[in-house]
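# Structural overview for review
Chain by chain, the residues run as shown.
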Amino acid sequence: MASEIRNPQLWQDGRLKIDWVRHHMPLLNSLEEEFKASQPFKGLKVALSVHLEAKTAYLCEVLAAGGAEMYVPGSNPLSTQDDVAASLVKAGLEVHAWYDATEEEYNAHIRAALAAGPNIIIDDGGDLVNLIHNEYPHLIDNVIGGCEETTTGILRLISMNKENKLKFPMVLVNDADCKHLFDNRYGTGQSVWDGINRTTNLIVAGKNVVVAGYGWCGKGVAMRAKGLGASVIVTEVDPIKAMEAVMDGFKVMKMTEAAKIGDFFVTVTGCCDVICEDSFMNMKDGAICCNAGHFDVEVDVAKLREIAVESHLARNNIMSYKLSNGNRINVIAEGRLVNLAAGDGHPAEIMDMSFAIQALSALYLVRNRGKLTEKIINVPKEIDHEVATRKLRYWGIEIDSLTEKQKEYLD
Ligand code: NAI
């Protein structure tokens, strides 16, 4: 099938972006060289649905260098960058994605990638895996396995597996140490504030920032808010995470209480209905809400639209909703993940690690084709260690190794 993108003419801008990140992704550089020589994906079709910006494009090119035939839909209607998509098409990859796709267009793009009959699926949030099981069961036999990038996608896989519905092995990339310890915490921590800052152009210092969810991502978002000079309030549903937030120096309270004092609100829970009508009605005039969780269900924007007496575009990518009490609530990027729908996503050096795990996990699936009996596969420890070891080497950092006596002692 022919590619479906917004504007092929934009390819040069996209190429600049991809070349920029390429220079900051040494792990992928080395894998690209190795794959070029060994061609591990030769003859295999890979469908890859990860937020289509420059780092993802480079991952696609690394897999293509290893012989893969790539089929690339978007992973969120607002995170696709049209220039990057154009650049991949120019490089000969099949892409079905554009920025601001309607729900219908977005689903058609995912379907187009699946229709190719992929052998490997690289998913972010579970849309490809979900759709192939529901609508293309006849294509399942082609699939060697897949890799899942994010926490929410993994929850979906675990629930499918519990019901015996998952039909091929999926590697839980998010759960690798070299992924969530760095990508979710430091990547989300930095890129969420990059997205908020570039979209609002407002000061964070001295403000009250409410972070909903103190998981790996929430810890990063709260830590960086503190670094920017904010007073940070955390909301949680897990008493242990709540206690951790308290001991990390943050205030913890219920969302309905936090709603009264927050200036910025960031949801990052993976759960739905985190900020709802009662919280909107409690918020101060001018409060700014955004979401960094995978789906746009955390800030109840549909309800906000319904109860607003007036709304207007206050600034590019910020909708302002006036409530019956006269207060205006601002929402960035329609409540879609702010670091990608209002920014460029995580820093390149972080995605270098996450995508090295992706590439090595895809390689693991190919090498173990037909041998994996379980459907839910943890990233092997050797892959995690390999990525950390290579990263330290690029940083020029050496660490000690255990002597035989020390190993014996620890045993
Ligand atoms: P996690 O499981 O480590 O943390 C989620 C936290 O939210 C947990 O501590 C949980 O108790 C809490 N929580 C759940 N429901 C809540 C509610 N109603 N109110 C308050 N707290 C609640 O998950 P992680 O890795 O931090 O991921 C969170 C979300 O962010 C997921 O949807 C994930 O897919 C997404 N994600 C987004 C990224 C981005 O670039 N924006 C990057 C990585 C993950």
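Below: a short report on this structure.

Quick look at the sheet that holds strand β12 (residues 310–315) now. Taken in spatial order, the eight strands line up as β9-β8-β7-β10-β11-β14-β13-β12 in an open sheet, and their pairing is mixed. The outermost strands of the open sheet, each flanked by one partner alone, are β9 (251–252) and β12. Direction of pairing for strand β11 (residues 287–291) relative to strand β14 (residues 328–332): parallel, over a ladder of three bridges. Opposite A287, over in β14, you have I329 as the bridge partner. Against the sheet, helix α9 (residues 216–227) makes contact with β7 (208–212), β8 (231–235) and β10 (264–267), and its axis sits at roughly 170° relative to β7, the strand it touches most.

With that out of the way, let us pick up the site of the ligand. Neighbouring the ligand are 26 residues, the closest being T150, T151, T152, E236 and N339. When the free accessible area of the ligand is taken as 860 Å², the share hidden by the protein chains comes to 86%. For the shell around the ligand, the elements supplying multiple residues, two or more each, are α7 (151–162), α8 (177–200) and α9. For the shell around the ligand, the per-class residue count stands at nine nonpolar, 14 polar and three charged.

Turning to the pattern of salt bridges, a few remarks are in order. Close approach of charged atoms allows side chains of opposite charge to pair. Per the counting criterion, the structure on display carries 27 salt bridges. The closest approach of N and O atoms between R390 and E34, which form a salt bridge, is 3.1 Å. With R390 in helix α16 (residues 381–395) and E34 in helix α2 (residues 26–38), this pair connects stretches of sequence that are 356 residues apart. Exposure remark for E34: the relative accessible area of 37% places this residue in the partly exposed category. A salt bridge links R198 to D344, with the nearest nitrogen and oxygen atoms 3.1 Å apart. Here the residue R198 occupies a position in helix α8, and D344 occupies one in the loop between α14 (338–341) and α15 (348–367), the gap between them amounting to 146 residues. Under the relative-accessibility criterion, R198 is labelled partly exposed at 40%.

Helix length check: α15, at 20 residues, gives a terminal C-alpha distance of 28 Å against a target of 28 Å (1.5 Å per residue), a fit within 8%. For α15, the buried fraction is high: 17 of the 20 residues fall into the buried class.

Criteria and cut-off values
- Per chain, residue numbering runs from 1 following the sequence as it is written.
- Whole-chain, interface and lining totals are the exception, using all residues; otherwise, since this is a predicted model, local features are given only for residues with pLDDT of at least 70 and side-chain atom pairs are given and counted only at 80 or more.
- To get the side-chain values, all heavy atoms of the structure are used, and hydrogens and water are removed first.
- At least two DSSP bridges between two strands are needed for those strands to be called paired.
- Under the scheme used here, helices are H or I runs from DSSP no shorter than 4 residues and strands are E runs no shorter than 2 residues, and both carry numbers assigned from the N terminus.
- Here, two residues are considered to be in contact whenever any of their heavy atoms come within 4.5 Å of each other.
- Only the stretch in contact is used when fitting a helix axis, every axis being a line fitted to C-alpha atoms; angles between N-to-C directions are given from 0 to 180 degrees.
- Think of it this way: one heavy atom of a residue within 4 Å of a molecule or strand is enough to make that residue near it.
- Per-residue accessibility takes into account occlusion by the displayed protein chains alone, with areas from the Shrake-Rupley method and a 1.4 Å probe.
- Note that Gly is not counted as nonpolar here; it falls among the polar residues with everything else outside the nonpolar set of Ala, Val, Leu, Ile, Met, Phe, Trp, Tyr, Cys and Pro and the charged set of Asp, Glu, Lys and Arg.
- Criterion for a salt bridge: a side-chain nitrogen of Lys or Arg within 4 Å of a carboxyl oxygen of Asp or Glu.
- Type-normalised accessible area, obtained with a 1.4 Å probe on protein chains alone, sets the label of each residue: buried when under 20%, exposed when over 50%, and partly exposed for intermediate values.
- The span you would expect from a helix comes to 1.5 Å times its residue count less one.

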